[in-house]
Amino acid sequence: MTSSSSPTTVYRAKAIHTMDAANPRPAAVAVADGRITAVGDVAELASLGGATVDDRFADHVITPGFVEAHCHTFGGGLWQFTYCGYFDRWGPDGRHWPGCRTLDAVLDRLREAAAELADPTEPLIAWGLDPIYFAGERLVAVHLDQVSTERPIFVLHASIHLATVNTAMMQADNIGPDTLMDGVPKDGSGNPIGELQEPAAMGLAITGASRLFGSILSEQALANFGLLARNAGVTTMTDLGSTSLVRDDVVTKLETAINAESFPARVSVFHNPGGVIGSLADEVALVLERRSRSTDKLRLGNVKFVLDGSIQGFTARLNPPGYLGDRPNGLWLVPPEQVAERLQAFHDAGLLVHVHCNGDQAVDVFLDAAETVLAANPRADHRHTVQHCQLTTRAQYERIKALELCVNLFANHTYYWGDQHMSTTVGPERAATMNAAATALELGIPLSIHSDSPVTPLSPLRVVSSAVNRATATGHVLGPDERINVTEAMTAATIGAAYQLKMDDEVGSLAVGKRADFAVLDDDPFGGEPEALADIGVWGTVLGGVAQPAQ
Ligand SMILES: [Zn+2]
């Protein structure tokens, strides 16, 4: 029922896909007070009391607003710095940044950026570097020294798990032969080469890291994050997860930015107890307190752990035969023997836990922990989720199903690193089984797919394309048996993702009573060639009934 005090807007469109089985293809959607009040025929909805028909999307396609269940606010923060990645990207302001296809192009990009900094000692921060694309040559400090021997330079890799710094940065922060830490590789004479692997090592370069990580939650960063979402058709997204929720000022900053009417998306910020503040009981209490501050736009109260690193950075933990070429195994970010205890603390408190497992050895450790914890305290509808889950075997998927876990697959890896996984990380056989969406669906495991933005661009249509086509950047179809169809992929990117955030009662499909969150697209993802999915234009979004045109 619509009350006479709340006007109803009836949106019609070239096509509407609700992703709701009860009424999958209505001609119109009626909205009042930010919620969907009816779906059906235009004439029927127009006859609702006080309804007006809005034709602005008559030439567009409406789907549920996309739900990105694994990205990082960080993606907004990075656009304050210089992009030097391999692939073209578009900034939150719509600016096109061409990819840097050679190491020389990276150095040129850094020189241009350095020239724009007035103070010759101001650190230069850049991001998106993808060394795996520069086979045979590893970018190390001596290369960055060609840009400057005085200005500290910090270049964050595309994986976010590594950074490369120049000699000036190492000198400024006393990183040298005496530095003893995992993740600081050295040359034959015992000098660090300038690569810093995983957060603890990156933190040694405090001159760069503090500048970078200190501004990732600035007002500008959060505004950028919202604009990236709107430009990509995303209405609900995540910060998966933040180690900063321990700080009151950060929570206040998030509340101010995201609860503001002008912020064009809902955000679920997961707590990452990476820097444990005290006992696990303290951590649990913190998450419960934060949860009580949730609003319709800012969600708090879920938990994320990171067990291992990234496959393309060779820091993920793999079972035998491991990486190609006798490379050493990756790094544990949580000691395996502590995983069950940590999971148990949050599980017993009734909280939702998502766990980053890139390699199959990390998946084994998590499944063992989940089995122990769930045997001791079975909990219906926990929805604990394996994040990335990239190298998971069929036997592991069987255990995931038995433990009633969900999976959120890093579908975009096929496009962005599929060729490298075949040639360099794990070889063609295992590469073909990565991000096995068809296997997950065959076993009935709740599925979502993600970008891990800023690791890859925030673009659900690109993610959908990756899962449907499984085409690498060079056009090779990697593991054709694991392709899923457009309906399955669109489901995973909308209601499937909402389910894993426990927000499926509110968002993820277009149904009466749910929030009026739409993606407004130029073309129909269900109607065209699957190869064209990633190129469909995005008009913008509607969030809670308010139109948010893209830039
Ligand atoms: Zn991530």
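Because the structure is predicted, anything quoted here is derived from the model rather than measured.

Caption draft 1: Representation of the overall build of the protein. What the protein contains, in helices and strands, is 19 helices and 24 strands. Relative to a compact globule of 551 residues, whose C-alpha radius of gyration would be 24 Å, the protein shows 23 Å and is just as compact. Here the C-alpha coordinates of the protein stretch approximately 80 × 55 × 50 Å along the principal axes. Per-residue burial for the protein yields a buried fraction of 56% across its 551 residues. Nonlocal contacts in the protein, meaning residues at least 24 apart in sequence, comprise 71% of its contacts between residues at least 6 apart.

Caption draft 2: Summary view of the packing of helix 11 (residues 339-348) against helix 12 (residues 360-376). Packing of helix 11 against helix 12 brings their axes to within 9 Å, and their N-to-C directions diverge by 50°. Between helix 11 and helix 12, the crossing angle belongs to the class labelled oblique. As for how helix 11 packs across helix 12, the hand of that crossing is right-handed. Residues Val-339, Ala-340, Leu-343, Gln-344 and His-347 of helix 11 touch helix 12, and the partners they reach there are Val-365, Phe-366, Ala-369, Ala-370, Thr-372 and Val-373. Residues of the contact of helix 11 with helix 12, tallied by class, amount to 8 nonpolar, 3 polar and no charged.

Caption draft 3: Highlighting the packing of helix 12 against helix 13 (residues 394-402). The N-to-C vectors of helix 12 and helix 13 enclose an angle of 25°; their axes lie 11 Å apart at closest approach. Between helix 12 and helix 13, the crossing angle belongs to the class labelled roughly parallel. As helix 12 packs across helix 13, the resulting crossing turns out to be left-handed. Across from Asp-360, Val-363 and Leu-367 in helix 12, the residues of helix 13 making contact are Gln-396, Arg-399 and Ile-400. Taken together, the residues of the contact of helix 12 with helix 13 break down into 3 nonpolar, 1 polar and 2 charged.

Caption draft 4: View of the environment of Leu-405. Within the element layout of this structure, Leu-405 appears in the loop between helix 13 and strand 20 (406-409). Beyond its immediate stretch of four places on either side in the chain, Leu-405 contacts Ala-370, His-384, Thr-385, Val-386 and Ile-400.

Caption draft 5: View of unusual backbone geometry. The residue after Pro-320, namely Pro-321, is reached through a cis peptide bond having omega 10°. Of note, the bond from Ser-453 into Pro-454 is cis; its omega dihedral lies within 30 degrees of zero at 15°. Assignment of secondary structure puts Pro-454 in the loop between strand 21 (447-449) and helix 17 (460-469). Positive phi is not limited to glycine here, since Ile-160 has a value of about 70°. Within the element layout of this structure, Ile-160 appears in the loop between strand 12 (153-157) and strand 13 (162-165). Looking at Ile-160, the number of C-beta atoms within 10 Å reads 22, which means it is buried. In this model, Asp-452 sits at a positive phi of 55°, which is unusual for a non-glycine residue. Of note, Asp-452 is situated in the loop between strand 21 and helix 17.

Caption draft 6: Looking closely at the sheet that holds strand 6 (residues 61-64). Ordered in space as 2-6-22-23-24, the 5 strands form an open sheet in which the pairing is mixed. One side of each edge strand has no neighbouring strand; the edge strands of this open sheet are strand 2 (15-16) and strand 24 (546-549). Where strand 2 and strand 6 come together, 2 bridges link them in parallel fashion. Bridge assignment links Ile-16 to a residue of strand 6, and that residue is Ile-62.

Caption draft 7: Just helix 11, in detail. Inspection of helix 11 places Val-339, Arg-342, Leu-343, Ala-345, Phe-346 and His-347 among the buried residues, and these make up the whole buried set. Backbone geometry just after helix 11 places Gly-350 at a positive phi near 85°.

Caption draft 8: Broad picture of the nonpolar core. Grouped together as the largest cluster of nonpolar side chains are 170 residues, with contacts concentrated most on Phe-154, Leu-307 and Phe-366. Ranked by residue count, the leading element in this core is helix 12, at 8 residues. Beyond its immediate sequence surroundings of up to four residues, Phe-154 is in contact with Pro-123, Ile-125, Ala-163, Val-165, Met-169, Ala-205, Gly-208, Ala-209 and Leu-212.

Caption draft 9: Quick peek at the pairing of strand 11 (residues 124-129). Of all 6 residues making up strand 11, 6 are buried, and the element is well covered by its neighbours. As defined by bridge partners, strand 8 (residues 82-83) adjoins strand 11 across 2 bridges and the pair is classed as parallel. Counterpart to Thr-82 in the pairing with strand 11 is Ala-126. As paired elements, strand 11 and strand 12 share 5 bridges and run parallel to each other. Looking at the pairing, Leu-129 lines up with His-157 of strand 12.

Caption draft 10: Fine view of the sheet that holds strand 13. Strand order in the open sheet formed by 5 strands is 8-11-12-13-14, with mixed pairing between adjacent strands. With partners counted over all chains shown, the strands left at the sheet margins are strand 8 and strand 14 (195-197), one partner each. The strands touched by helix 7 (residues 206-214) within the sheet are strand 11, strand 12 and strand 13, with strand 12 carrying the most contacts at an inclination of about 55°.

Caption draft 11: Main features of the environment of Val-269. One can find Val-269 in strand 16 (residues 266-271). For the pair Val-269 and Leu-298, spaced 29 residues apart in sequence, the C-alpha to C-alpha distance is 7.4 Å.

Caption draft 12: Spotlight on the pairing of strand 17 (residues 298-306). Of all the 9 residues making up strand 17, 8 are buried; the element is thus mostly covered by neighbouring parts of the structure. Note: strand 17 against strand 18 (residues 353-357), 4 bridges, orientation parallel. By the bridge assignment, Phe-305 is partnered in strand 18 with Val-355. For the crossover from strand 17 across helix 11 to strand 18, the handedness is right-handed.

Caption draft 13: Local environment of the environment of Leu-196. Locating Leu-196 in the fold gives a position in strand 14. In this structure, the C-alpha to C-alpha distance between Leu-196 and His-157, residues 39 residues apart in sequence, is 10.0 Å. Ignoring anything within four residues of it in the chain, the contact list for Leu-196 reads Leu-162, Ala-163, Val-165, Gly-183, Val-184, Ala-201, Met-202, Leu-204 and Ala-205.

Rules of the game
- Residues numbered from 1 in each chain as written.
- Predicted model: local features only at pLDDT ≥ 70, side-chain atom pairs only at ≥ 80, totals over all residues.
- Helix = DSSP H or I, 4+ residues; strand = E, 2+ residues; numbered from the N terminus.
- Rg over C-alpha atoms; globule rule 2.2 N^0.38 Å.
- Buried ≥ 20, exposed ≤ 12 C-beta atoms within 10 Å, placed from the backbone.
- Contact = placed C-beta atoms within 7 Å.
- Axes fitted to C-alpha atoms, helices over the stretch in contact; angles between N-to-C directions.
- Parallel < 35°, antiparallel > 145°, perpendicular 65-115°, else oblique.
- Left-handed = near helix turned anticlockwise from the far one by under 90°.
- Nonpolar A, V, L, I, M, F, W, Y, C, P; charged D, E, K, R; others polar.
- Pairing = 2+ DSSP bridges.
- Core = buried A, V, L, I, M, F, W, Y, C linked by C-beta atoms within 7 Å.
- Right-handed = clockwise from strand over helix to strand, strands pointing away.

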